[in-house]
Amino acid sequence: MKVQIITFLFDMVSFLKFTVKNVWRNRRRTMITMAGICVGTVTMILLQSYVNTIDIGLKAEAVQKQYGHLQIAAKGYFDADENSPDHMMSAKVVNKIVSQALSLDSVDFVNTRVHLTGIIGTQKTSTVFSAIAGIPQAEGVMAPTIIKGKLLAENDPTGILIGEAMAKKLGVDTGDSLIAFVSTGGSQEAIAVTVRGIYDALMPEMEKVIIYMPVNSAWDLMLDKKVHRILLFLNDPEKLNQTIGTMKDYIRKNEFNVEVRDWSTLAVFLKQIVGMFQGMIMVIGLIVFIVIIFNIQNTMHMAIHERFREIGAMRAMGSSRFEIVKVFIAEGFCIGLFGAILGIAFALIFIPWVNSMHFHLPPGPGQDKPTPVVFTPTNVILLNSLLVNLFTAFIASISPAIKGAKIRIYDALRYV
Amino acid sequence: MNIIELQNVFKTFKPGKIPVTALEDISLQVSAGEFLIVAGASGSGKSTLLNLIGLIDEPTGGSVTLKGIKADYRKDKELTRLRKEYLGFIFQNFNLIPTLTVFENVEYPLLNVTRDVYTRRLLVEDALQNVGLQDFAKRYPNEISGGQQQRVSIARAFAKNPSIVLADEPTANLDSVTGKTILNLMEKMNSKKKVTFILASHDPEVLSMAHRQIVLKDGKIIKDSYYKKRKSLQEKKPARLK
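Note that the structure is a prediction, hence the values are computed from the model and not measured.

## Points about the overall build of chain A
Then comes step 1: Helix and strand content of chain A: 15 helices and 12 strands.
Then comes step 2: Since a compact globule built from 416 residues should have a radius of gyration of about 22 Å, the 32 Å found for chain A marks it as more spread out than a globular shape.
Then comes step 3: Every one of the 416 residues in chain A was classed for burial, and the buried ones make up 49%.
Then comes step 4: Partitioning the contacts of chain A with sequence separation of at least 6, the portion at a separation of at least 24 is 77%.
Then comes step 5: Carbon together with sulfur atoms contributes 63% to the accessible area of chain A, which is approximately 20800 Å² in total.
Then comes step 6: Between the centroid of the 39 positive side chains of chain A and the centroid of its 33 negative side chains there is a distance of 15 Å.

Structure follows, in structure tokens:
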């Protein structure tokens, strides 16, 4: 068995040697073909790496700034798609769940969030707001970039964060006082708040509406200590499923009318954005795939055309049709392999350079900041590009190889 | 024992509207170890006959039997096996691969004969030794003379130890001195290895070497002569047996 394996390996090396020599016969043509494959590979790697950057960025953003790793809310809240007071958890339930969550090693910290809408303004002007109220310490982690002032603090229960666009609209700055009105249970409640910090978000529309406030302020406005969502942040994302299981067990045991969702099921937009980019990659990939197929097919057809007599001689000397097919598929495969390796090498040289240049794309729809162009290749992306190219080369070589094998020996030997 | 048997073989080509008969009712038996020369003018059907014997073309009528196996042209695998096991070809224009060395040119067709690299190496070395090209193994075809290229072609045909070697005008592209060397080499192979040789040629030097000579004219055998003793390349007159 060992001898057979060694024989097979030596035979393969020998076969590969002949394949490489055959591929190298027409160097210029082979180089042009490989250059085409190389460009295709680099394109695919760049696109996938860019989408990967977006995916990583959005995931991190989604977990850290919006969802936490997992959330707990009253049953029906997640599907209701609105922050109704009907879907809030009582303070008693919230306290028990938070205590349980904090007792787990996998949980780093917890935030409780309340959502309110109302009107906020000065004596001169006002605007609608949507408030995200949370535990100041946790909101410190989740908060967007503060461009002026400070984050929320425990010792500043009336301090709020507003967006740059809202600050401009209301004509206020850090330290200025505002009045927030909220309609709760048929009555109007109002509290005085102070602008503690001004944040900057990617989208100005968000800056105009969203304000951040301590959960205590929200409770003061609501006259109740209910909570919409409990957000759990893990110290190790790998322990997500284990933590979900533990929390679900606890909730079931205590018969709380709440449900647990992980961030990926909540971040529907993320799936849509990544899905959209992946769709674009698929289309571009398909075009690249077709170009590479035609490229290799053309090369192989020309190689076969040039080697009619040789094919005839090989067949006359006892090579079967399958063996001829094997030779040409191996040659196409070889071109694909070298082209892909060259492409991967170029991409690995090119990507760090592009990343270091800090290129930016113009702001997208609804955004006011240019998007940085950063490529994050992974081993999976590189391997994927290699395999797609090899598969493409294989597919592209089949038809010319079969054509070559079907030539009548007599005609092939007479071919001039 | 007949190693090759052709029975009432016809071959008609249709290059245009009018069919051309290349071979007409050819019946031929060739014994193992024979050195058969197929002679005839250009267009007499020599190459066609060789192609049919070599199983690289299909007759329009009749049958070709090789080592007792009747060729079935519907079974490509079977024809390939017969070619692989029993037949060696020497081409007029050598058909060497320019990017492979002499050694590799001989080894290349052996890839499909044996997977054992060591055995292949021995077969190639032996074949190159037989044609006296062991010192040229690493050279490329464009680095050797025409005669040496034809010797490589002979080594390639012999490397797999075929029972029958077919050579179509093997000396046509060579000068007379080199041609003689090649013929002597074939003669040596024939007597040493008892390989059956079938050569198509109208070169008088070649014709003088025959054990047996058939002459084709307009696709028909007009003469089939056996020689008691093979003439040397200097002796010209064949002694006719029948």
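Now that the structure is up, let's keep going.
## Comments concerning the pattern of salt bridges
Residue and element names in this part refer to chain A.
Then comes step 1: Inspection of the entire model under this criterion finds 32 salt bridges over all chains.
Then comes step 2: Ionic pairing is found between E310 and R25, a salt bridge with its closest N-O pair at 2.6 Å. Of this pair, E310 sits in helix 12 (residues 308-316) while R25 sits in the loop between helix 1 (2-23) and helix 2 (27-67), placing them 285 residues apart in sequence.
Then comes step 3: Classification of R25 as partly exposed rests on a relative accessible area of 23%.

## A word on the interface of chain B and chain A
Then comes step 1: On the side of chain A, 29 residues touch chain B, which itself brings 29 residues to the contact.
Then comes step 2: Both faces considered, chain B and chain A share a buried interface measuring about 2800 Å² in area, 55% of it formed by carbon and sulfur atoms.
Then comes step 3: Interface area lost by chain B to chain A is led by B:Y108, B:N112 and B:R115, which between them contribute 22%.
Then comes step 4: Applying the counting criterion to the chain B and chain A interface returns seven salt bridges.
Then comes step 5: Between A:R408 and B:D57 there is a salt bridge, with its nearest N and O atoms 3.1 Å apart.
Then comes step 6: For the pair chain B and chain A, the interface holds 12 residue pairs in polar contact (both at pLDDT 80 or more).
Then comes step 7: Among the secondary structure elements, those contributing two or more residues to the side of chain B that touches chain A are helix 2 (76-86), helix 3 (102-107) and helix 4 (117-130) of chain B.
Then comes step 8: In terms of residues, the side of chain B that touches chain A owes the most to one element, helix 2 of chain B, which gives four residues.
Then comes step 9: Split into classes, the residues belonging to the side of chain B that touches chain A amount to 11 nonpolar, seven polar and 11 charged.

## Quick notes on helix 9 (residues 240-254) of chain A
Along an α-helix, a turn takes 3.6 residues, which lines up residues three or four apart on a common side.
Residue and element names in this part refer to chain A.
Then comes step 1: With 15 residues, helix 9 extends 21 Å from end C-alpha to end C-alpha; this agrees with the ideal 21 Å at 1.5 Å per step.
Then comes step 2: Within the span of helix 9, buried status applies to L240, T243, I244, M247, Y250 and I251. Seen along its axis, helix 9 keeps its buried residues to an arc of 130 degrees; they face one direction. Set apart from the buried face of helix 9 by more than 90 degrees, the exposed residues are N241, Q242, R252 and K253.
Then comes step 3: In the core, the buried residues of helix 9 are packed alongside strand 1 (70-74), helix 4 (91-102), strand 2 (107-121), strand 9 (229-234), strand 10 (258-262) and helix 10 (263-266).
Then comes step 4: Looking one or two residues past helix 9, E255 carries a phi angle of roughly 55 degrees, positive in sign.

## Focus: the sheet that holds strand 7 (residues 164-168) of chain B
Residues and elements named next belong to chain B.
Then comes step 1: With mixed pairing, six strands are arranged side by side in an open sheet as 6-7-8-3-9-10. Bordering the open sheet on either side are strand 6 (87-90) and strand 10 (220-226), each of which pairs with just one other strand. Averaged over all neighbouring strand pairs, the angle between strand axes comes to 15 degrees, with direction disregarded.
Then comes step 2: Two elements, strand 9 (residues 212-217) and strand 10, share six bridges in a ladder whose sense is antiparallel. If you follow R212 over to strand 10, its bridge partner there is Y226.
Then comes step 3: Against the sheet, helix 5 (residues 146-158) engages strand 6, strand 7 and strand 8 (196-200), with an angle of about 170 degrees to strand 6.

## As for the pairing of strand 3 (residues 126-134) of chain A
All names here are of chain A.
Then comes step 1: When you tally the buried positions in strand 3, you get seven out of nine residues, the bulk of the element.
Then comes step 2: Where strand 2 meets strand 3, eight bridges bridge the pair, whose relative direction is antiparallel. The residue of strand 3 that forms the bridge with H115 is I132.
Then comes step 3: In this antiparallel pair of consecutive strands, strand 2 and strand 3, the connection spans four residues.
Then comes step 4: Across five bridges, the pairing between strand 3 and strand 8 (residues 210-214) is parallel. When the sheet's bridge partners are listed, S130 is paired in strand 8 with I210.

## Focus: the sheet that holds strand 1 (residues 2-13) of chain B
All names here are of chain B.
Then comes step 1: Overall, antiparallel pairing links the four strands, which are arranged 2-1-4-5 in an open sheet. The outermost strands of the open sheet, each flanked by one partner alone, are strand 2 (20-31) and strand 5 (69-70).
Then comes step 2: As defined by bridge partners, strand 1 adjoins strand 4 (residues 61-66) across five bridges and the pair is classed as antiparallel. Across the sheet, residue E5 finds its bridge partner in strand 4, namely T65.

## Focus: unusual backbone geometry
All names here are of chain B.
Then comes step 1: One non-glycine residue with positive phi stands out, namely K67, at about 50 degrees.
Then comes step 2: By the element assignment, K67 lies in the loop between strand 4 and strand 5.
Then comes step 3: Of note in this structure, D218 is not a glycine but carries a positive phi near 50 degrees.
Then comes step 4: Tracing the backbone shows D218 in the loop between strand 9 and strand 10.

## Section: the nonpolar core
Then comes step 1: In this structure, A:I72, A:V114, A:I120 and A:I230 are the most contacted members of the largest nonpolar core, which totals 116 residues.
Then comes step 2: With 14 residues, the top contributor of residues to this core is helix 2 of chain A.
Then comes step 3: In contact with A:I230, other than residues within four places in its own chain, are A:L70, A:Q71, A:I72, A:M89, A:V94, A:I97, A:V98, A:V110, A:N111 and A:T112.
Then comes step 4: If you look at the next biggest cluster of nonpolar residues, it comprises 39 residues, including B:A137, B:I144, B:I182 and B:L199.

## Quick look at the side chain of B:T65
Then comes step 1: Position of B:T65 among the secondary structure elements: in strand 4.
Then comes step 2: Among residues more than four places away in sequence, those in contact with B:T65 are B:I3, B:I4, B:E5 and B:K70.

## Topic: the packing of helix 12 of chain A against helix 13 (residues 321-357) of chain A
The description of two packed helices rests on the angle between their axes and on the distance between the axes.
All names here are of chain A.
Then comes step 1: For the pair helix 12 and helix 13, the least separation of the axes is 10 Å and the interaxial angle reads 140 degrees. Of the possible angle classes, the one that applies to helix 12 and helix 13 is oblique. Between helix 12 and helix 13 the crossing geometry is right-handed. In this structure, helix 12 uses I311, M314 and R315 to contact helix 13, whose residues at the interface are R321, I324 and F328.

## Concerning a nonpolar patch on the surface
Then comes step 1: A surface patch of nonpolar side chains, amounting to about 500 Å² of accessible area, comprises A:M1, A:I5, A:F8, A:L9 and A:M12.
Then comes step 2: In this fold, A:M1 is placed in the segment before helix 1.

## Details of the packing of helix 2 of chain A against helix 11 (residues 268-306) of chain A
All names here are of chain A.
Then comes step 1: Contact geometry for helix 2 and helix 11: axes closest at 10 Å, N-to-C directions at 170 degrees. Regarding the angle of helix 2 to helix 11, the classification is roughly antiparallel.
Then comes step 2: Split into classes, the residues belonging to the contact of helix 2 with helix 11 amount to 21 nonpolar, nine polar and four charged.

Cut-off values and rules
Residues numbered from 1 in each chain as written. Chains lettered and ligands numbered in written order. Predicted model: local features only at pLDDT ≥ 70, side-chain atom pairs only at ≥ 80, totals over all residues. Heavy atoms only, no water. Helix = DSSP H or I, 4+ residues; strand = E, 2+ residues; numbered from the N terminus. Rg over C-alpha atoms; globule rule 2.2 N^0.38 Å. Buried < 20%, exposed > 50% of the residue type's maximum accessible area, 1.4 Å probe, protein only. Contact = heavy atoms within 4.5 Å. Areas by Shrake-Rupley, 256 points an atom, 1.4 Å probe, with all protein chains shown as cover. Lys, Arg positive; Asp, Glu negative; His and termini not counted. Charge placed at Lys NZ, Arg CZ, Asp CG, Glu CD. Salt bridge = Lys/Arg side-chain N within 4 Å of Asp/Glu carboxyl O. Buried area = accessible area lost by both parts, 1.4 Å probe. Polar contact = N/O pair within 3.5 Å; in protein donor to acceptor, adjacent residues only side chain to side chain. Nonpolar A, V, L, I, M, F, W, Y, C, P; charged D, E, K, R; others polar. Expected span 1.5 Å × (residues − 1). Arc of directions from axis to C-beta. Pairing = 2+ DSSP bridges. Axes fitted to C-alpha atoms, helices over the stretch in contact; angles between N-to-C directions. Core = buried A, V, L, I, M, F, W, Y, C linked by side-chain atoms within 4.5 Å. Parallel < 35°, antiparallel > 145°, perpendicular 65-115°, else oblique. Left-handed = near helix turned anticlockwise from the far one by under 90°. Patch = residues over 30% accessible without salt bridge, like charges linked within 9 Å, V, L, I, M, F, W, Y side chains within 5 Å.

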